[in-house]
Structure formats: C-alpha cells, structure tokens
Amino acid sequence: MELVVSRRRPRRLARLGPGHWFIDFGRAVFGTIELTAAAPADRHEVRVHLGEKLAGPMRIDRSPPGAVRYRGLSLVLNRQTTTLRVLIPPDERNTGPRAIPMPRTVGEVMPFRYCELEEFPGTLDPEAVGQLFVHAPFDDSAAFFESSDPVLNDVWDLCRHTIKATTFCGLYVDGDRERIPYEGDAYINQLSHYALDADYRMARATLHHLIDHATWPADWQLHMPLIAWYDFLYSGNDDAIRRHYAALKAKTLAALAGEDGLISTRTGLVTPDLRRALGLDDFFKDQDLRELVDWPPPGWFGPDTPGETDGYVFTPVNTVLNALHHRSLVLMERIAGALGKEADRGFFAARAQAVARAVNTRLFDPGRGVYVDGDGTDHASQHANFFPLMTDIVPEKRIQSVVEFVKSRDMACSVYGAQHLLDGLYRVGEAEHGFALLTATHDRSWHHMSRGIGSTMTLEAWGTRYKPNLDWNHAWGAAPANIIVRRLLGVRPIAPGFARAIIAPQAGPLRWVRARVPTPLGPIELELWNEPGRPPELSVAAPNGVETKVVPPRHC
C-alpha cells in the first residue's frame, strides 16, 4: 500500500527569544518537518527539537519517560531560500530485523507534536514550516460521531486520530518503540479501523504478514481466526480465509486439547511441527508458546509492580486461554461453513460445545457465582470473568453473578484488556456500566490520556505508573473507536460484505447521538434521540444493497 504524505500547518507559533521558536502542530503524527528559509551566511546550522511531550509551557521535554519520543537534530541552511526536510536518523530498536521498515521513498519518521528551533535566522513565517504527516490512504469523511456527552466525543476524537496516525508503516504495528505487528494489537486495530473507514487493505496485509511471522503468546495465536473472520465479514472478500485456511485451523490450538477439549500450553504438546504450523519462525526460537492474559504481567518491571492481570493465578489449564480458544472455534466453524467444508464445520461446532461445557464444569465456582483463573486455584480475576462474557460462554442463569463481579472490579485490566471487557459488558446489555468506563476521568481512562497526560494518540498503557516504558502512540489503546460503533451504536455486519447489518443501539444515558458508519456499499447514517420521559426515537438511512435489522433502543 502506497503511503501518503500530508502537510499540516502550525496551530501555534511563538518566539521564545533571539532565534528561538516554539511550534505546536496541535496533534502528534508520524513524520518530520519541512522548513523554507535562507541564512545570512553560506552555512548556518539550525538546531531542531521534535517531541511528543512538554516539560513546561512551550518547552519540549528533552528527557521524556519510557518510550515517549524526543529527538534533537540539525538543519543546515545557506544563502539561497530553500525548502528542506529534516532527516530522521534510524532508531536501532525499531529498525531491527523484525520491525517493519519505512519505504525508502518516504524515509524515516518519528511521532511528534511539538517543535523548537534554535539559532533560526530572522522571523519565522507560519507558512514556512510544516509538519509532514505520513499515513495510509484514509477517508476522513467516511465516519462521524457526535453525542450529548463531551467526554465521549473527546474519546472518539482521540481514538479516531490514533487509528489514522498509526498507519504510518503500511501495516498495523505496536507503536514506535518496536514497529512490530502483534496479533492482539492487530485485532483491536482492525476493528477500530473498520469503524472509521471501509478500506480493508491494511488489515488484510497485516493478516497475511502475521500468518508467517507469528509472535509467541498463545492468546495471540487464538486472535488470528477472529481477524480472518472479521476480514471476511466486513469486506465480503474470502481470499484470506481460503488462502490461509490450514494455518487458521492450526491457530485455534486444537492440537493442545485434552480429553475434555480444554487446551494447555504446558502438557508437552507444543512440538516443533506445531510451532512451524503456527508460523513461529527463528526470531522466537528460544521463546516458549505461553499464555499472556494481559500485559504487562506482575513483576515485569520489578518485584513491586503488580502488572495488569488483576492478580491472575496461572495454572496449566487457563480460563482466559480457553475462552479465547472457544471463540476461535466458533469463528472457524463459520469460516468452514462459508468455504463449504462441512466436515470441518461439524468438528469445530462439536469442539466449541465441548470447550464451553468443560469451562463451565471445571472452571466455575458455583458457590461464588464466578469463574476462577484456572484449574487448581480458587482465585477469580476480572479477566477470568469478562473473557467468558466476551466469548459468549456464560449460561444465561450465570450472567448476573458474573456481571456483578466484573463490575465490582471497575477497570482492573490494561488498555488491551479493555477491548474485551467492554465487548463482554455490551454483549450482555450492560450499557450503563460500559458507558461509565468509556467516559471515566480517573487515571485508568481515555479522558486521562488526553486531558490529564496530554497525549493526542492513545497510550500503550494507562500511564507510566502501570508501564514505565510505555509509548504515546499505541493503537491497541484505541478500543473505544470500535466499541462505540459496534456496541454503543450497535452497527455490525451480520452477512459478509455488509449485505445484512444489525443496528441495535445501547446508548446508555446519552440524550442524543448522530453518526455515520462506513460500509463497502456506502455509509449507514443514524440519529438517536433518547430524551427522558419520551420513547427513544431512532432514524436510520442505509445504502442500497444493505438490508438492515433494526432493534429498537430502550432507556436504561
């Protein structure tokens, strides 16, 4: 996919002293700056500072924490007025053998919002300096969302910009620190990109890449059938599920199942042949296939760091892993059906039923009404309960107790876990609690990322307190973009290529909503009025070729 370079003007420009200028471009993007200027001598060096974070008013933080970006560079001017581009030197960490390289025609980039110039000759004209924004083709008009809640509107805007800005590599990557595609990141990135633009090429290219360049977490393997199914469901293009069908079967990890269908990475069944089938190449040859649950794990940054797993107790048979296994089996049943592979379809259906039965028999504590973390422990984490909700494994009679426990833990997961937490809550109709999490303002919230911390892209974690080496440009933190569309607005395809769509809003306490949702056949437009004391009113306009199933909204 050919990348695009857009030029952005300064939002603010200020002279701090002789030859010293501060420029705020309003948002962080991946790119560099372009400067048109001349010098009073044959050779004049201007110091250029680019960064994501401020240390104080109009002062870039030149020693930012974690993987927050800053670069001090130089630009040489001469007597002739010339337009020059600041060259970004490669970073050793994110240009290694596993990283996605920037095209030579584009050159190296970095994420930045702010620029300082030192030793600049004369007066800086706002038209003479531009932020060069590198991104994939993106239809800014394809999606729209506005509601009666200003916090939710800000969260939407933060996530929307993040998804566009992080397309700079042409594949979905895990931010600037590594620039490596990971399956769990790609799943969230995919769904949020689909909510904003009906261009499915980058998601499909990332899927193709990850088939042969898999990463080590077992949880990530299980996300691949999900990514493949949604590629087909949204686009209607069956190329990926046909081409990679054998690999997707392996990535259900059915080869690791015991007699009751539950899988484990610790039973000696992870053979060299299986690793090859999973696409685990030599880059991860010394890394065992292991479950992740959430990131980071306890103790990753020292003995006093609790991690983001809510105290999860890891046992050989793991509840989160098996919930994801169940979901991958359900979606492989649908993929097999779409491809006319009836024997496989029957296998996946039977195996999914067996897994659901075993999870509910072995991993549920009926006394407390909650799922435990795994076989052999009585610890119950939030994750062990919201993953079964998300994967539709919880019987109707158990939903209330499981939901009450999940809600009692608030946001006890990372920004990655938040995708599945919110999906699970909205799946069972908990719109008010889902809305409360989306619009929270504490330090584990999207509002805090932008208004409290000052980032214009979603962070890798809730803050440095939770992950000291975090970056400020991680699309896996942008789950609200797809949760708002798929769950709060309730717009989802139910037949490949959006031939049929369901529209089932769960607006919670919102008084009104206006939105545009992209599909390959054109946008779905909707307006919802949810005034107290009056029945909710929903207006929907769908393009030709999209048959809609509208579920009338109700007051919470």
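Residues numbered from 1 in each chain as written. Predicted model: local features only at pLDDT ≥ 70, side-chain atom pairs only at ≥ 80, totals over all residues. Heavy atoms only, no water.

K.L.:
Account for the layout of surface pockets, naming residues and giving values.
P.N.:
One number sums up the size of the largest pocket: a volume of about 800 Å³. Contributing to the lining of the largest pocket are 36 residues, with Arg427, Arg486, Arg487, Arg492 and Ile502 lying nearest its centre. At the level of elements, helix H4 (218-235), helix H8 (319-338), helix H12 (415-427), helix H13 (431-438), helix H15 (479-488) and strand S14 (491-493) are the ones that each hand at least two residues to the lining of the largest pocket. Each pocket or cavity is described by its volume, and for the second largest pocket that value is around 340 Å³. Along its surface, the second largest pocket is lined by 18 residues, and Asp174, Arg177, Glu178, Tyr182 and Trp295 are the ones closest to its centre. A breakdown of the residues in the lining of the second largest pocket according to their chemical character gives nine nonpolar, two polar and seven charged. (1 Å grid on protein atoms, 1.4 Å probe; cavity = no way out; pocket = protein on both sides within 12 Å on 5 of 7 lines; lining within 4 Å. Points joined across faces, edges and corners; volume = space filled by probe spheres on them. Helix = DSSP H or I, 4+ residues; strand = E, 2+ residues; numbered from the N terminus. Nonpolar A, V, L, I, M, F, W, Y, C, P; charged D, E, K, R; others polar.)

K.L.:
I'd like to hear about the pattern of salt bridges, residue by residue, with values.
P.N.:
Enumeration over the complete set of coordinates arrives at 41 salt bridges. One salt bridge in this structure joins Arg79 and Asp42, with 2.9 Å as the shortest N-O distance. With Arg79 in the loop between strand S7 (70-77) and strand S8 (82-85) and Asp42 in the loop between strand S3 (20-37) and strand S4 (44-51), this residue pair connects regions lying 37 residues apart in the sequence. Note on Asp42: relative accessible area 58%, which makes it exposed. (Salt bridge = Lys/Arg side-chain N within 4 Å of Asp/Glu carboxyl O. Buried < 20%, exposed > 50% of the residue type's maximum accessible area, 1.4 Å probe, protein only.)

K.L.:
Explain the sheet that holds strand S11 (residues 144-147) residue by residue, including any values.
P.N.:
Sheets are built from strands that pair by backbone hydrogen bonding, the pairs being arranged parallel or antiparallel. Across the sheet, four strands lie side by side as S11-S16-S17-S18; this open sheet has antiparallel pairing. Of all strands in the sheet, those bounded by a partner on one side alone are S11 and strand S18 (537-541). Averaged over all neighbouring strand pairs, the angle between strand axes comes to 5°, with direction disregarded. Here strand S17 (residues 524-529) runs beside S18; their pairing, made up of five bridges, is antiparallel. From the neighbouring strand, Leu528 faces S18, where its bridge partner is Leu538. (Pairing = 2+ DSSP bridges. Axes fitted to C-alpha atoms, helices over the stretch in contact; angles between N-to-C directions.)

K.L.:
I'd like to hear about helix H9 (residues 342-362), residue by residue, with values.
P.N.:
Each full turn of the α-helix corresponds to 3.6 residues, which orients residues three or four apart in the same direction. Given a rise of 1.5 Å per residue, 21 residues ought to cover 30 Å, and the 30 Å separating the end C-alpha atoms of H9 matches this to within 8%. Considered for burial, the residues of H9 that qualify are Asp344, Phe348, Ala349, Ala352, Ala354, Val355, Ala356, Ala358, Val359 and Asn360. Those residues of H9 that are buried are in contact with helix H6 (245-250), H8, strand S12 (364-365) and strand S13 (370-371). (Expected span 1.5 Å × (residues − 1). Contact = heavy atoms within 4.5 Å.)

K.L.:
Break down the packing of H4 against H8 for me, citing the residues and quoting the values.
P.N.:
Direction vectors running N to C along H4 and H8 enclose 30°, while the axes themselves pass 9 Å from each other. Taken as axis vectors, H4 and H8 run roughly parallel relative to one another. Where H4 crosses over H8, the two elements pack in a sense that is left-handed. Residue-level contacts link Ala218, Asp219, Leu222, His223, Pro225, Leu226, Ala228, Trp229, Tyr230 and Phe232 of H4 to Val320, Leu321, Leu324, His325, Arg327, Ser328, Leu331, Met332, Arg334, Ile335 and Ala338 of H8. (Parallel < 35°, antiparallel > 145°, perpendicular 65-115°, else oblique. Left-handed = near helix turned anticlockwise from the far one by under 90°.)

K.L.:
Help me get a handle on helix H3 (residues 201-212), residues and values and all.
P.N.:
Here H3 is 12 residues long and its end C-alpha atoms lie 18 Å apart, about the 16 Å a rise of 1.5 Å per residue gives. Of all 12 residues in H3, nine are buried, a share of seventy percent or more. When we look at burial in H3, the residues that qualify are Met202, Ala203, Arg204, Thr206, Leu207, His208, His209, Leu210 and Ile211. Where H3 is buried, its residues touch helix H2 (183-194), H4, helix H5 (239-243) and H6.

By themselves, these observations are geometric and do not establish any function.
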